[in-house]
Amino acid sequence: MFSLATRLFTTVLLMTLLALTGCQTALQKGLTPAQIAVLKQQGFELTDEGWEFGLSGKVLFGSDIESLNRQSTEIVEQIGKALLGVGIERVRVDGHTDASGKESYNQQLSLRRAKSVSKVLTTVGMKQENIQLQGLGSSEPVAPNDTAAGRTENRRVSIVVSAD
């Protein structure tokens, strides 16, 4: 009935159409307008790293302290619930310190600070495996370390949401 060339052409055409259809139904990358609106509402700012909660509403720590105070815990709970409410389930938590003390100690302290924020996020329903932790020590100050006020600003944790 059909020649070999016709069957081959039809098969190739069908496979090409299926491949193109697969390209059209690929999942959308990036954040939705509703997710971006919630990030802005919560105080996140767009940075080179993604949407970051840190500069406009820091979660600050006392000197040589890794645990969150009550007010900071409530802020992190609110953020976690808001993110989950719009389907944002993956975050990175960056811990920071001031420049007092040895850098190796500061790196570990900053990681413990990130872990304390991570624990709060898991209590509101975020899965631990969806939370990436980084201890950055004093490597990324937002204020000078030569004043008490500057050191206070640098003892913080940032929550970062990637736009991917």
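Residues numbered from 1 in each chain as written. Predicted model: local features only at pLDDT ≥ 70, side-chain atom pairs only at ≥ 80, totals over all residues. Heavy atoms only, no water.

By the naming in an unreviewed UniProt entry, the protein is OmpA family protein, taken from Pseudomonas koreensis. UniProt, in the comment section headed Subcellular location (unreviewed entry), describes the protein in these words: "Cell outer membrane". (UniProt positions renumbered as here; feature names shortened; annotations may be inferred.)

Student: Looking at this structure, how should I read the side chain of Ser138?
Tutor: Residue position: Ser138 is located in the loop between strand E5 (131-135) and helix H5 (148-154). Looking at Ser138, the relative accessible area reads 16%, which means it is buried. Polar side-chain contacts of Ser138 include one of 2.5 Å to the side chain of Glu103. In this view, Ser138 contacts Thr97, Asp98, Ala99, Glu103 and Asn106; residues no more than four positions away in its chain are not counted. (Helix = DSSP H or I, 4+ residues; strand = E, 2+ residues; numbered from the N terminus. Buried < 20%, exposed > 50% of the residue type's maximum accessible area, 1.4 Å probe, protein only. Polar contact = N/O pair within 3.5 Å; in protein donor to acceptor, adjacent residues only side chain to side chain. Contact = heavy atoms within 4.5 Å.)

Student: I tried to follow the pattern of salt bridges on my own but got confused; where do I start?
Tutor: Overall, the coordinates contain 5 salt bridges when judged by the stated rule. Taking the shortest distance from any N to any O, the salt bridge between Arg70 and Glu74 comes out at 3.7 Å. Within this pair, Arg70 and its partner Glu74 are both found in helix H3 (residues 70-85), separated by 4 residues, close to a single helical turn. One salt-bridge network, in which partners are shared between bridges, spans Glu49, Arg92 and Asp94. (Salt bridge = Lys/Arg side-chain N within 4 Å of Asp/Glu carboxyl O.)

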